[in-house]
Amino acid sequence: MKYELVSGLETHVELSTNTKIFCGCTTDFGGEQNTHCCPICIGLPGTLPKLNQKVVDYAIMAGLATNCEISHISKMDRKNYCYPDLPKAYQISQFDMPLCKNGYIELSNGRRIGITRIHIEEDAGKLVHQRGNTYVDYNRGGVPLIEIVSEPDIRSIDEAREYVEKLQMIMRYIGVSDCKMQEGSLRCDVNISLRPVGSTEFGTRTEIKNMNSFTYMTKAMEYEVSRQAELLDEGKEVTQETLRYIVEENRTESMRGKEDANDYRYFREPDLVTIEVSQEKIDRFKALLPELPDAKFARYVNELGIPEADAGLLVKYRKVAEYFEKASQGVANPKVVANCIIGQIFRRVENETEKEAFDIALSPEYLRDLVLLLDSGKIKMNLLKSTLEKMLDEGKPAADFIKEEDMGGVDADTLKQLCTDAIANNPNAVADYLGGKEKALKSLLGFVMKNSRGRADAVEAEKLLIEMVNASK
Amino acid sequence: MVTREDVLQMARLSKLYIKEEELDALTKDMDKIIAFAETISAAQCEQTNFDNINNLSNVLREDVVVPSYDREEILKNAESQDEGYFLVKRRS
Ligand SMILES: [Zn+2]
């Protein structure tokens, strides 16, 4: 039978505040075990939590950036469960009055994935199981999180992936989290159920906990979908349970079944007062939000004429987009700037972390000045490209590399002379080309470019060379 | 009405071990406690919305780091510790 996937995600995002949610301990990642702790975050009796203003602010920004309503009144609740990673035996979270609700994220296929709610809560400590005992480090305990809960609107593994990628991109844009999956600052619980194609009822779902990489999330979902499909095909039932994904064996395993489902006995946190957010504050935050990736993408494509694939690459990282925008100021064709960034600069910032930081020697103003030389016809594309490489090496402006006499290209007579010389000096290449090796033309072109010190127009030169070589037959 | 099953469930969630012979007495006690707390439901109250009875809101702190405690202090009251970690020993 053909099945349709029905999936919803709970995404935990660690906020990049300086301090923990209820105390002044640092949130720095790493650090010796149990050195970022105080009586509040190790849950000693008699201590009082005090809410970090920044956590509320960041959560409001996250909500606004994902089209949520912001609650004017919300509160904190205790979620009770006994486990060593939680020193108080409860987590301070939000239950029935989350800070944000009813938002959505739009995917590239136009489908909207609803966001049920976003609430704030504290992270738990870290457990290391060794020699049958459990070692506990509370450095992470009390680090602020937002939990973003989606509606079960996701219909494919690709959609799940894009949804998380978009969340990651948005949270980074607004600067509330670095969303590094490998460091655990973004992690997902994935709910999965199947139903026959055409059916409108939900099947029994399972939940895979704590996915902290895109690769594993995809693999775990693939495994779980085929496992459930097999069960259903055999006429068996899917059991509602919580699963963990075992990377080494590429399979899921039950953590607990429905009968041991947690009973969290939520109740209001009596140590913390109500959170009130005024409309004035919401409006102020709305005005402060940067242009988000979707809006940028649409603007690049529709107003600047950037091809969609390129626009996608430019908006993915906020600093890249900002660089592109600065370098495009007053430029006739922003596509040239886009090509410089994607074709040449990206080669120097290969991985995600480097693109995120986009720390390159060349200022966007220098790139703009270089492209303006092309606009005014003073240099040709090939000289622009070779100069850009030098500028990237040294971080200096174009004027340091292009002499005045190199500007303006070469006139038709000079170009003709250069091509004649190229043909005369490379008889083998000419023979190869005439013999059918089209690539041989490259060495002739190289000769022309070199001898014109990069000033010749490569496209014109190539055209002329083909003409002349064929005429010499 | 609190049942024996309710009490067992509570004990399980609280990681408490209860002997069979204690169960009936505990069930009765629990029932009394709940009944006592139920009194409050009888109170007449105009305000049915969210209760913000203390009229306090937004008691917040600035996001400024203060030094954490020395690890020695943090681990001082731990029943068991090893290599700077709290140690939770497996129960045999
Ligand atoms: Zn602390």
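Above this text you will find the structure in question.
None of these values were measured; they are calculated from a predicted model.

## Some words on the packing of helix α7 (residues 318-328) of chain A against helix α8 (residues 334-345) of chain A
All names here are of chain A.
- The N-to-C vectors of α7 and α8 enclose an angle of 135°; their axes lie 9 Å apart at closest approach. Relative to α8, α7 is oriented oblique. Crossing geometry of α7 relative to α8 is assigned as right-handed. Two secondary-structure elements touch here, α7 through Val320, Tyr323, Phe324, Ala327 and Ser328 and α8 through Pro334, Val337, Ala338, Ile341 and Ile345.
- In terms of residue class, the contact of α7 with α8 is built from nine nonpolar, one polar and no charged.

## A word on the sheet that holds strand β2 (residues 81-82) of chain B
- Across the sheet, which stays open at both edges, the four strands sit in the order β9(A)-β10(A)-β3(B)-β2(B) with antiparallel pairing between neighbours. With partners counted over all chains shown, the strands left at the sheet margins are β9 (126-130) of chain A together with β2 of chain B, one partner each.
- Summarising the sheet, β9(A) and strand β10 (residues 133-137) of chain A pair through five bridges and their orientation is antiparallel. The residue of β10(A) that forms the bridge with Lys126(A) is Asp137(A).

## Structural notes on the pairing of strand β14 (residues 241-246) of chain A
All names here are of chain A.
- In terms of burial, β14 is a largely internal element, five of the six residues being buried.
- Pairing geometry for strand β13 (residues 206-211) and β14, over two bridges, is parallel. Within the sheet, the bridge partner assigned to isoleucine 208 lies in β14 and is leucine 243.
- For the segment spanning β13, helix α3 (residues 214-233) and β14, crossover handedness is left-handed.

## Structural notes on the interface of chain B and chain A
- If you look at the interface, chain B gives 33 residues, while chain A gives 46 residues.
- Overall, the association of chain B and chain A removes approximately 3,600 Å² of surface from exposure, summing both partners, and the carbon and sulfur fraction of that is 56%.
- Between Glu32(A) and Arg71(B) there is a salt bridge, and its shortest N-O distance comes to 3.7 Å.
- Inspection of the chain B/chain A interface yields 23 residue pairs in polar contact (both at pLDDT 80 or more).
- Only α1 (4-13), β1 (60-61), α3 (71-75) and β3 (85-88) of chain B provide two or more residues apiece to the side of chain B that touches chain A.
- In terms of residues, the side of chain B that touches chain A owes the most to one element, β3(B), which gives four residues.
- Partitioned by chemical class, the residues of the side of chain B that touches chain A number 16 nonpolar, seven polar and 10 charged.

## Some details on the coordination of the zinc ion
All names here are of chain A.
- Summarising the metal site, the zinc ion is bound by the protein donors Cys23 (SG), Cys25 (SG), Cys38 (SG) and Cys41 (SG), whose distances to it range over 2.3 to 2.4 Å.
- Around the zinc ion sit four donor atoms, and with donor-metal-donor angles ranging over 103 to 114° the site reads as tetrahedral.
- Each donor residue of the zinc ion belongs to the same chain, and together they define the spacing C-x1-C-x12-C-x2-C. Placement of the pair is cysteine 23 in the loop between β1 (3-14) and β2 (51-52) and cysteine 38 in the loop between β1 and β2, with a sequence separation of 15 residues. One exposure class covers both cysteine 23 and cysteine 38, and it is buried.

## Quick word on the pattern of salt bridges
Residue and element names in this part refer to chain A.
- Scanning the model with the defined rule gives 39 salt bridges over all chains in all.
- With a closest N to O distance of 2.9 Å, lysine 281 and aspartate 57 form a salt bridge. Separated by 224 residues along the polypeptide, lysine 281 in helix α4 (residues 279-288) and aspartate 57 in helix α1 (residues 53-65) bring together distant segments of the chain.
- With a relative accessible area of 14%, lysine 281 lands in the buried category.
- Linking glutamate 291 and lysine 296 is a salt bridge whose minimum nitrogen-to-oxygen distance equals 3.2 Å.
- Judged by its relative accessible area of 30%, glutamate 291 falls in the partly exposed class.
- For lysine 296, a relative accessible area of 6% translates into the label buried.

Here is what the cut-offs are and how they apply
- Residues numbered from 1 in each chain as written.
- Chains lettered and ligands numbered in written order.
- Predicted model: local features only at pLDDT ≥ 70, side-chain atom pairs only at ≥ 80, totals over all residues.
- Heavy atoms only, no water.
- Axes fitted to C-alpha atoms, helices over the stretch in contact; angles between N-to-C directions.
- Helix = DSSP H or I, 4+ residues; strand = E, 2+ residues; numbered from the N terminus.
- Parallel < 35°, antiparallel > 145°, perpendicular 65-115°, else oblique.
- Left-handed = near helix turned anticlockwise from the far one by under 90°.
- Contact = heavy atoms within 4.5 Å.
- Nonpolar A, V, L, I, M, F, W, Y, C, P; charged D, E, K, R; others polar.
- Pairing = 2+ DSSP bridges.
- Buried < 20%, exposed > 50% of the residue type's maximum accessible area, 1.4 Å probe, protein only.
- Right-handed = clockwise from strand over helix to strand, strands pointing away.
- Buried area = accessible area lost by both parts, 1.4 Å probe.
- Salt bridge = Lys/Arg side-chain N within 4 Å of Asp/Glu carboxyl O.
- Polar contact = N/O pair within 3.5 Å; in protein donor to acceptor, adjacent residues only side chain to side chain.
- Donors = N, O, S within 2.8 Å, 3.2 Å for Na, K, Ca; no water.
- Tetrahedral: all angles 85-135°; square planar, octahedral: opposite > 155°, others 65-115°.

Taken by themselves, the reported measurements are silent on function.
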